[in-house]
Every structure is written in structure tokens, then in C-alpha cells.
Amino acid sequence: PQRLIRSGVFGLWRHPIYLFFILFFGGFSVIFWPTGAVLAAVPALVLMTFVYARLEGYGLERRFGSLYRGHRRQTAIVVPRLIHFVRAVFAGLSRLFFRLEVLGRKHIPEPPFIVVSAHRSFLDPFFILVALGTPVHFITTSGMFRTPLSRFVFSRLLCLPATRYKPDVRNALEIRRRLHEGCIVGMFPEAERSWTGSMIGFKPEAVRLLNNNSAIPILPVRLQGTYAVWPRWARRPRRARVSVRIETPIFEGNRVSSGDLESRLSGLIAPQEGPVRRSGPISARGIEAVLYRCPECMCFDSVHSGKGAHFECSSCLAEFTLFSDFSVQRSGDSVRSSLADLSRRIRPVSGGGLTAGEPLLSPARAELSIENGGRFEAVGAGRLNLSALQLTFESMGPAVSIDLRDIRSLVIEGARKLEVYGGRPARLYRFTLVDQSALKWQDVIGDVIRRHFGASPSPV
């Protein structure tokens, strides 16, 4: 045949005919043959079929080239790949707990193509995986590959590790290789999960990647309700209804301006505003990670949340209520403000920088790890301090200081891990904050650097 079949049962096993041939004759022999013949013939049958399948694989690779190599990457001879088990399990869970609805499956093109979506929840890749019904090679952070166990799991989930704090040529080459092999690559052009549910700007590296592969179709996917399932500031998922809308593919054929491409894709993948159907009560627990200042008195670390939808400021005693559409209303006020608007109001990075003479952050309890040879080595627990010139970590051992002018990148891994890349020589420092918001430290450090040195570290 001139076409390599990669769907249906062939999407799980490279040689399903041989597999079921073994199962059929194995069961037949158990029923009708003597035990001795079964113990001798069945292993020989399995071995010969396996050897023949491997030899046939060489012929398929010569005939189909890189397409067969991509097919081999996603399938197995006997036991399906881990990603197929994960997709099957999550498909059941998503229909049971999240009432998953998938629209527009008719728009899915033939691979290869690039899936693009907004990123608002840790579970976004799994919803897309279930919606498309086929393996997707998602671009993820290199931090997911630092330990042997996580490297084993995420590599078998076909993830593509990308370094966030400096250019990663190896990742770009691997993405191009997977696309050449006829695979589906998934990416979130914001390069991080949204804190407030609203979309943030595309990272230049993401737009550059799409333009460098302009001959590959782009499949926009709109995820609705995933922020209600698991906001970045929440510590556990919640039950809410999720819908996945697959839009018409975009095929540019040639490069377009970064602004035009971002504007067009943003309009197709941006979640629609409005209340979300949920099965459980609304909870504001953990919202102080994003509202690290009171929206009324602008005091740091004064917002405190409980189990319900209410939270309050311990400084000005203002009380607030969080609603299902993630709007916030102060007690005694009839006007609601979106969580995104409140976040922009308090964040120095949004333009409302710290006023002259305003004290810097109070010391924070943190745990420090420093990257060495691709792995983090723990330094210990201590106090993280910020001055106008330095970021200092003090513990039982020698103090660790980083000049602010030498900081090249500030990123947050997860919700509590602030990763600082800089120093002389440049190294990656990970501060796991115990009692303060990592977003607050990222914003304030960036604002101090901007005010004193006229430049901002890269947020990716």
C-alpha cells in the first residue's frame, strides 16, 4: 500500500494482525493441545512472529521513512504505550467528573499539524488528548525531566522538554523532527498557566516557532471551563463542566508578522467569559497567591482566604466574595470586578510600580536548590531577602547573593517555585516559597530591576 495506516487499532499496535494471530492460536492450543506441546509451540510461535515483525519493520521504514519512525515512536508491538492508557483513563474520568463535551472533531486534519490552545489549567493537555483521540507531543518545561522518575513518565507521554530561561536550539530541532515524522505537536504559546483565567501575551519564542514551521497547519483549540477545574493558585482540582471546541485549521503557507499571527490565534483560542457550571461549592482558598496585595488598601500579604467563597483583608478589614465567573465583589458594594482586573491593579508589572520610598518585601521563608549538571542540588531552608541591589538567601551555611543587574530570567514553576537564572557565572536558582506568593516576588523583583537598571528580565 502507498499509505501508512496509523489510525484505529493500528494506532495502538504496529502489528495488530500478528498480535491477535498469537492470541488466537495461543488460546486454540491451550484448549486442544497437550500441555507439553503448548509449552514448546506457543513460545516458539511468539518468538518467530516477533522476529518476523521486526524484519518487516525494516522494510516499512525503507518504504515510508520518517513517517514509519514517527508511527513506531507512538505504538508498540504488544503492550500499548503509556500515553494510550493515560488517554483511556482520563477519558472516563473527564466524562464522569467534568462532563466533557467535544465540538468540531470534523475539523481535525491529517497529521502532521500543531495544536495551539490557551493554558489555564494543569489538566489542559489531557483534555486536548482526549478530544483529538490520538497521541499529541506536548511542549513542556525541562523541569519535568529533572528526576529519573519524571523523565521516565514524561518521555513516555511523548513530551518535548524546553528550557524556559535561555534559547533551546535542541528543542526546536526535535520539534521539527517530530513534525517531519508525521506527529502532532501541542503547544501553549503563553508558555505558562494563566493566574487569573485571562490570556496573557504570546512568548516571542512561540510565535517564532510557528513562523519557522509555516508549512505545517495550525489547529486552534478553545478550552472552556478548565480554569474553574484547577486555577493555578488552587492546590487541588474542582468539579466543573468542560468543553473543547476544535476550530478550523489555519494554514499560512508562508510567514506572517508576529502581531498578525498572535491576534488571529488569540481570537480563536481565547476562552469565552461567563459563569461556569460546577458540581461543588465555590472556593477562594489559595487566592492570596495571586491577590498578594489588598485591592483596597494595597497592603502586602494582608489577604486571607478560607474554605468558602469569601476572603478578607486583615489590614483594612475589607471583605470580598468570589463568584462562579471569577468576578470579585466587595461587601457593601454593588459592582463586581474580574479577578484579572484586580490582579492588574495590584501588580507593579502592570504599570503601577512601587512608589518611591515604599519598603521592599519582608523576608520570606524559602528552600533553595541550585542546578548542577541538569539536576537541582538542595542547599537548605532559610530566609529570602530583597534589597535595591541584591537578592540574598540566608541559611545555616554561607549566604547566597545574586546581583539584580545579573538576573537574566525570572520564571515560576508550578505555583510556589521561583526560578532565578543569573549571577556570575550564570546559574539557575530555585526558591520554593513557604509563606509568601511566588508571583509577588517575581513582580517586585522585576519592578526593582526595571526602576534601577532600566531593563526587565525575561519572563520565560
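Structure's up top.
Residues numbered from 1 in each chain as written. Predicted model: local features only at pLDDT ≥ 70, side-chain atom pairs only at ≥ 80, totals over all residues. Heavy atoms only, no water.

Visitor: What is the right way to look at the overall build of the protein in this model?
Guide: Helix and strand counts for the protein come out as 12 helices and 19 strands. Dimensions of the protein, computed from C-alpha atoms along their principal axes, come out at roughly 85 × 50 × 50 Å. For the protein, the residues scored as buried account for 47% of the 460 residues in total. Within the protein, residue pairs in contact and separated by at least 24 positions form 63% of the contacts whose partners lie at least 6 positions apart. (Helix = DSSP H or I, 4+ residues; strand = E, 2+ residues; numbered from the N terminus. Buried < 20%, exposed > 50% of the residue type's maximum accessible area, 1.4 Å probe, protein only. Contact = heavy atoms within 4.5 Å.)

Visitor: For this particular structure, what's the right way to read the nonpolar core?
Guide: Burial of nonpolar side chains together is a common tendency in soluble globular proteins. Residues Trp233, Trp441 and Ile445 are the most contacted members of the largest nonpolar core, which totals 81 residues. The element best represented in this core is helix α12 (residues 438-453), accounting for seven residues. Residues within four places of tryptophan 441 in sequence aside, it is in contact with Leu361, Ser362, Ala364, Leu384, Asn385, Leu386, Leu391, Leu418, Leu433 and Gln436. Listed in part, the 18 residues of the second largest apolar core include Phe202, Leu210, Ile250 and Leu261. (Core = buried A, V, L, I, M, F, W, Y, C linked by side-chain atoms within 4.5 Å.)

Visitor: How should the pairing of strand β13 (residues 364-372) be read in this particular structure?
Guide: Regular strands place side chains that alternate from one sheet face to the opposite one. Where β13 and strand β14 (residues 375-386) come together, nine bridges link them in antiparallel fashion. By the bridge assignment, arginine 365 is partnered in β14 with arginine 383. Here β13 hands over to β14 after two residues, with glycine 373 in that stretch at a positive phi of 65 degrees. Where β13 and strand β19 (residues 427-433) come together, five bridges link them in antiparallel fashion. Within the sheet, the bridge partner assigned to glutamate 367 lies in β19 and is threonine 432. (Pairing = 2+ DSSP bridges.)

Visitor: I keep staring at helix α2 (residues 35-64) and nothing clicks. Help me out?
Guide: One full turn of an α-helix is made of 3.6 residues, so residues set three or four places apart face in the same direction. Spanning 30 residues, α2 covers 42 Å between terminal C-alpha atoms, matching the ideal 44 Å at 1.5 Å per step. Of the residues making up α2, those classed as buried are Val38, Leu45, Thr49, Ala53, Gly57, Leu60 and Phe64. Those residues of α2 that are buried lie in contact with α1 (16-32) and α3 (66-74). At the exit of α2 stands glycine 65, carrying a positive phi of roughly 60 degrees. (Expected span 1.5 Å × (residues − 1).)

Visitor: Help me out: how do you make sense of the pattern of salt bridges in this one?
Guide: Tallied over the entire structure, the rule returns 18 salt bridges. The salt bridge involving glutamate 61 is made with arginine 72; its shortest N-O contact spans 3.2 Å. Highlighted residues: glutamate 61 in helix α2 and arginine 72 in helix α3, separated in sequence by 11 residues. Of the residues examined, glutamate 61 reaches a relative accessible area of 22% and is grouped as partly exposed. The salt bridge partner of arginine 330 is glutamate 296, with a shortest N-O separation of 3.0 Å. Of this pair, arginine 330 sits in strand β11 (residues 327-330) while glutamate 296 sits in the loop between α10 (258-269) and β8 (303-305), placing them 34 residues apart in sequence. Relative accessible area serves as the criterion here: at 33%, arginine 330 is assigned to the partly exposed category. Glutamate 296 sits in the partly exposed class, given a relative accessible area of 39%. What emerges from the salt-bridge pattern is a single network uniting Glu61, Arg69 and Arg72. (Salt bridge = Lys/Arg side-chain N within 4 Å of Asp/Glu carboxyl O.)

Visitor: What is the right way to look at the packing of aromatic side chains in this model?
Guide: In this description, an aromatic ring pair is defined by two values, namely the gap between the centres and the angle between the planes. For the structure shown, the criterion picks out 17 aromatic pairs. Put simply, the rings of Phe21, Phe24, Phe25, Phe28 and Phe32 touch in pairs and so form one group of aromatic residues. Between the NZ or CZ atom of arginine 336 and the centre of the ring of phenylalanine 323, over which it lies, the distance is 3.5 Å. (Phe/Tyr/Trp six-rings, centres within 6.5 Å; stacked < 30°, edge-to-face > 60°. Lys NZ or Arg CZ within 6 Å of the ring centre and 35° of its normal.)

Visitor: What's the story with a nonpolar patch on the surface in this structure? I'm lost.
Guide: A cluster of nonpolar side chains, contributed by Phe21, Phe24, Phe25, Phe28, Ile31, Phe32 and Trp33, occupies part of the molecular surface with about 760 Å² of accessible area. Looking at the element boundaries, phenylalanine 25 is found in helix α1. (Patch = residues over 30% accessible without salt bridge, like charges linked within 9 Å, V, L, I, M, F, W, Y side chains within 5 Å. Areas by Shrake-Rupley, 256 points an atom, 1.4 Å probe, with all protein chains shown as cover.)

Visitor: In this structure, what is going on with a positive patch on the surface? I would like to understand it.
Guide: A surface patch of like charges, here positive, comprises Arg235, Arg236, Arg285, Lys307, Arg416 and Lys417. Take arginine 236: it is sitting in the loop between α9 (226-229) and β7 (243-246). (Lys, Arg positive; Asp, Glu negative; His and termini not counted. Charge placed at Lys NZ, Arg CZ, Asp CG, Glu CD.)

Visitor: Please explain the sheet that holds strand β18 (residues 417-422) as it appears in this structure.
Guide: Think of a sheet as strands paired side by side through backbone hydrogen bonds, with each pair either parallel or antiparallel. Here we have seven strands laid out as an open sheet, ordered β16-β15-β14-β13-β19-β18-β17, and antiparallel in their pairing. Two strands bound the open sheet, and with one partner strand each, they are β16 (400-403) and β17 (407-413). On average, each strand axis in the sheet is tilted by 30 degrees relative to the strand beside it, whichever way the strands run. Where strand β15 (residues 390-394) meets β16, four bridges bridge the pair, whose relative direction is antiparallel. Looking at β16, one finds that glutamine 390 is bridged to aspartate 403. (Axes fitted to C-alpha atoms, helices over the stretch in contact; angles between N-to-C directions.)

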